[in-house]
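# Remarks on the overall topology
Spelled out from the first residue to the last, the chains are:
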Amino acid sequence: MAVRVDQFMCRSDNFGALVHDDESGRTLLIDAPEEAPILAAIERTGWKPELLLITHHHGDHVEANLALKQRFGLTIVGPKGEAAKIPGIDQSVSEGDAIPFGRETISVLDTPGHTAGHISYLFPDSHVLFAADTLFALGCGRLLECKPPVMFESLQKLAALPLETRVYCGHEYTQANARFALTVDPTNSALKERSAEIDRLRAGGKATLPTTIGLELSTNPFLRWHDPVIRKNLGMEKAADVEVFAEIRKRKDVF
Ligand SMILES: [Fe+2]
């Protein structure tokens with residue numbers, strides 16, 4: 001049986017997530033954006049985390065590290081490439097490292113681009129990915145510390161995961177991402193349908209996540225650098241894939 005995920009809002013648009021394995025009774029937390037909503041989620045679920053898996057060093061992902069460590073004595077795991085910037089870190093990990101969790105072994109993927117040391121966590125048996133600020137629903141993270149080819153490679157890696165992989169992201173940015181996506185891929189019927197569904201969800205105050213790799217491949221322009229219609233719209237029919245990606249990212253930065 002797959003792990004169970006409880007996703008909840010923190011701050012203005014961050015997500016926190018508790019992951020629970022029913023058989024072992026173990027719980028972990030992905031990122032620590034804000035203490036109060038995390039405590040509320042623990043109270044609501046009854047799932048007490050023993051592990052905190054950090055994706056990258058930004059304040060809106062690590063703010064509650066020390067408070068939660070003091071309260072629960074949890075072990076903090078984070079990216080090797082930016083370990084010095086992760087408060088309270090106990091164990092640093094990078095691509096190829098495995099983290100045992102109940103019946104499942106979590107894989108660490110290096111996914112730099114948004115930050116230089118950003119990592120993602122994959123639960124391969126449950127087909128669940130925590131991509132934080134690398135891959136968003138209909139978007140990708142801003143390139144704050146890296147050049148486009150670095151993020152391009154990270155996104156290629158995630159795009160190659162099984163289509164049914166459920167993807168949890170760091171922020172609820174989907175509605176704004178959809179508006180932009182429609183400017184570069186306006187005739188994509190799957191995107192148009194999804195955009196309408198996103199508007200319905202947001203109007204009802206509901207989260208648009210998780211998404212899946214399959215859904216992103218058919219609608220997210222940041223994974224569709226090969227698409228002839230997008231290329232034509234950008235006037236880049238013969239450009240290299242990475243150049244198409246860089247142009248889409250550049251346009252989104254000023255959208
Ligand atoms: Fe970030």
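Residues numbered from 1 in each chain as written. Predicted model: local features only at pLDDT ≥ 70, side-chain atom pairs only at ≥ 80, totals over all residues. Heavy atoms only, no water.

Attention now moves to the environment of Asp-185. For Asp-185, the location among the structural elements is in the loop between helix H5 (174-184) and helix H6 (189-203). Residue Asp-185 is classed as buried on the basis of its relative accessible area of 2%. Residues within four places of Asp-185 in sequence aside, it is in contact with Leu-191, Arg-224, Asp-227, Val-229, Ile-230 and Asn-233. Within the structure, the side chain of Asp-185 is placed 3.4 Å from the side chain of Arg-224, a separation counted as a polar contact. (Helix = DSSP H or I, 4+ residues; strand = E, 2+ residues; numbered from the N terminus. Buried < 20%, exposed > 50% of the residue type's maximum accessible area, 1.4 Å probe, protein only. Contact = heavy atoms within 4.5 Å. Polar contact = N/O pair within 3.5 Å; in protein donor to acceptor, adjacent residues only side chain to side chain.)

Here the structure, examined in full by the defined rule, presents 20 salt bridges. The salt bridge partner of Arg-103 is Asp-21, with a shortest N-O separation of 2.6 Å. Of the two residues, Arg-103 sits in the loop between strand S7 (98-101) and strand S8 (104-110) while Asp-21 sits in strand S2 (residues 14-21), which places them 82 residues apart along the sequence. Taking relative accessible area as the criterion, Asp-21 reaches 3% and is therefore assigned buried. The partner of Arg-142 in a salt bridge is Asp-253, with the nearest N and O atoms 3.3 Å apart. Here the residue Arg-142 occupies a position in the loop between strand S12 (139-140) and helix H4 (148-159), and Asp-253 occupies one in helix H9 (residues 241-253), the gap between them amounting to 111 residues. Overall, the relative accessible area of 41% leaves Arg-142 in the partly exposed class. (Salt bridge = Lys/Arg side-chain N within 4 Å of Asp/Glu carboxyl O.)

With that out of the way, let us pick up the packing of H4 against H9. The N-to-C vectors of H4 and H9 enclose an angle of 105 degrees; their axes lie 9 Å apart at closest approach. Here H9 runs roughly perpendicular to H4, going by the angle between their axes. Two secondary-structure elements touch here, H4 through Pro-148, Pro-149, Met-151, Phe-152 and Leu-155 and H9 through Asp-241, Val-242, Phe-245 and Ala-246. Within the contact of H4 with H9, the residues separate by chemical class into eight nonpolar, no polar and one charged. (Axes fitted to C-alpha atoms, helices over the stretch in contact; angles between N-to-C directions. Parallel < 35°, antiparallel > 145°, perpendicular 65-115°, else oblique. Nonpolar A, V, L, I, M, F, W, Y, C, P; charged D, E, K, R; others polar.)

What follows covers the coordination of the iron ion. Only His-56 (NE2), His-58 (ND1), His-114 (NE2) and Asp-133 (OD) from the protein coordinate the iron ion, and they sit 2.3 to 2.4 Å from it. Geometry at the iron ion is irregular, judged from the four donor atoms that bind it and their angles of 85 to 175 degrees at the metal. Mapping the donors of the iron ion onto the primary sequence yields the spacing H-x1-H-x55-H-x18-D. Each of the two residues, His-56 as well as His-58, counts as buried. (Donors = N, O, S within 2.8 Å, 3.2 Å for Na, K, Ca; no water. Tetrahedral: all angles 85-135°; square planar, octahedral: opposite > 155°, others 65-115°.)

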